[in-house]
Amino acid sequence: MNKLNIGVVASGRGSNLQSIMDACAGELIPARVAAVLSDNKDAFALERARRASIPAFHADFDSFPGKPAYERSIINILNEHGVELVCLAGYMRLVGRDLLAAFPGRIMNIHPALLPAFPGLHAQEQAWKHGVRFSGCTVHFVDEGVDTGPIIIQAVVPVRPSDTAEDLAGRILEQEHRIYPEAVKLFAEGKLEIDGRKVRIIA
Ligand code: GAR
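To keep things clear, this report deals only with the structure shown in the data block. Bear in mind the structure is a predicted one, so any value in this text is a computation, not a measurement.

Focus on helix H2 (residues 44–51)
Residues spaced three or four apart along an α-helix face the same direction, because each turn holds 3.6 residues.
(1) Moving on: Taken residue by residue, H2 has Ala45, Leu46, Arg48 and Ala49 as its buried positions. Projected down its long axis, H2 carries its buried residues within an arc of 160 degrees, all on one side.
(2) Moving on: Once H2 finishes, serine 53 follows within two positions and takes phi at roughly 55 degrees, a positive value.

Below, the structure written as C-alpha cells:
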C-alpha cells in the first residue's frame with residue numbers, strides 16, 4: 001500500500017506529533033510524516049522532527065502582512081512536501097479560509113475535551129472547573145468554526161474527586177496519544193467518509 005504523506009502543524013511540545021511519528025515508524029499506520037511546521041520557533045515539536053530527520057519549518061506569523069500570506073507560505077511548504085493530510089497537533093491558531101480551501105476534508109485536529117463541550121483554550125481546565133464526571137478527547141475534521149468540525153473518534157476518561165486540573169489533563173493526554181494515530185490510520189486506509197456533520201467509518 002502507498003504511504004500517505006502527513007503534514008503536522010504544532011505550536012508546542014509536540015507529544016501528539018510524537019505519537020503519530022512513532023505509529024508511522026512502527027508501521028502501525030501506512031503513512032509518513034513528510035513535514036512539520038510550527039508558528040513558534042521554540043516549539044519542541046520542531047526539535048522532535050529534526051531528531052527524526054523530518055523537514056521542520058518555522059512559519060513566523062508576525063513576519064507576514066496578514067493571515068492569508070502566512071497561510072499561503074504554509075500551503076506552499078505542505079504542497080512542496082506532497083502532503084495529503086494535515087494534522088493539527090496542539091496548533092494554537094484558528095485555521096483560516098485559505099488553508100481550509102487548500103485541503104478540503106483533509107485537515108484533522110485533536111481537542112482535549114468531549115466536543116461539543118468545552119471548545120477553545122484550556123479545555124481540560126474548563127471541564128475540571130465545571131465539575132463534570134467524565135471528560136476526554138476528540139479527533140475531528142476541521143471546518144471554519146472553533147472545534148466544530150465533524151467528529152471522527154472520541155475517548156472518555158473519568159474525573160476523580162481528588163483530581164487536579166493537571167491530573168485530568170494527563171489522563172486525557174494518554175488517550176490523545178492513542179486515538180490520534182487511530183484516526184490517521186483510518187484516513188490512510190480510506191475508511192473515513194464525511195457525510196454532513198457525521199463521519200462514517202467504513203468497516
Ligand atoms: C494537547 O492536549 C492538544 O489536545 C491540545 O494541546 C495539547 C498539545 O500537546 N490542543 C488544543 O487545545 C487545541 N485547541 P502536544 O503539543 O504535546 O501534542
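A closer look at the pattern of salt bridges
(1) Moving on: Evaluation of the coordinates by the stated rule reveals 12 salt bridges.
(2) Moving on: With a closest N to O distance of 3.5 Å, arginine 178 and glutamate 182 form a salt bridge. In this pair, arginine 178 and glutamate 182 both sit in helix H6 (residues 165–188), 4 residues apart, roughly one turn of the helix.
(3) Moving on: The exposure class assigned to glutamate 182 is partly exposed, which follows from its relative accessible area of 35%.

Here's the deal with unusual backbone geometry
(1) Moving on: Look at the link from leucine 115 to proline 116: it is a cis peptide, with omega at 15 degrees.
(2) Moving on: Turning to its location among the elements, proline 116 is positioned in the loop between strand S5 (107–111) and helix H5 (123–130).
(3) Moving on: For serine 53, which is not glycine, the phi torsion reads 55 degrees and is therefore positive.
(4) Moving on: For phenylalanine 118, which is not glycine, the phi torsion reads 55 degrees and is therefore positive.
(5) Moving on: Structurally, phenylalanine 118 is set in the loop between S5 and H5.
(6) Moving on: We classify phenylalanine 118 as buried; its relative accessible area is 15%.

The rules behind the values
Residues numbered from 1 in each chain as written. Predicted model: local features only at pLDDT ≥ 70, side-chain atom pairs only at ≥ 80, totals over all residues. Heavy atoms only, no water. Buried < 20%, exposed > 50% of the residue type's maximum accessible area, 1.4 Å probe, protein only. Helix = DSSP H or I, 4+ residues; strand = E, 2+ residues; numbered from the N terminus. Arc of directions from axis to C-beta. Salt bridge = Lys/Arg side-chain N within 4 Å of Asp/Glu carboxyl O.

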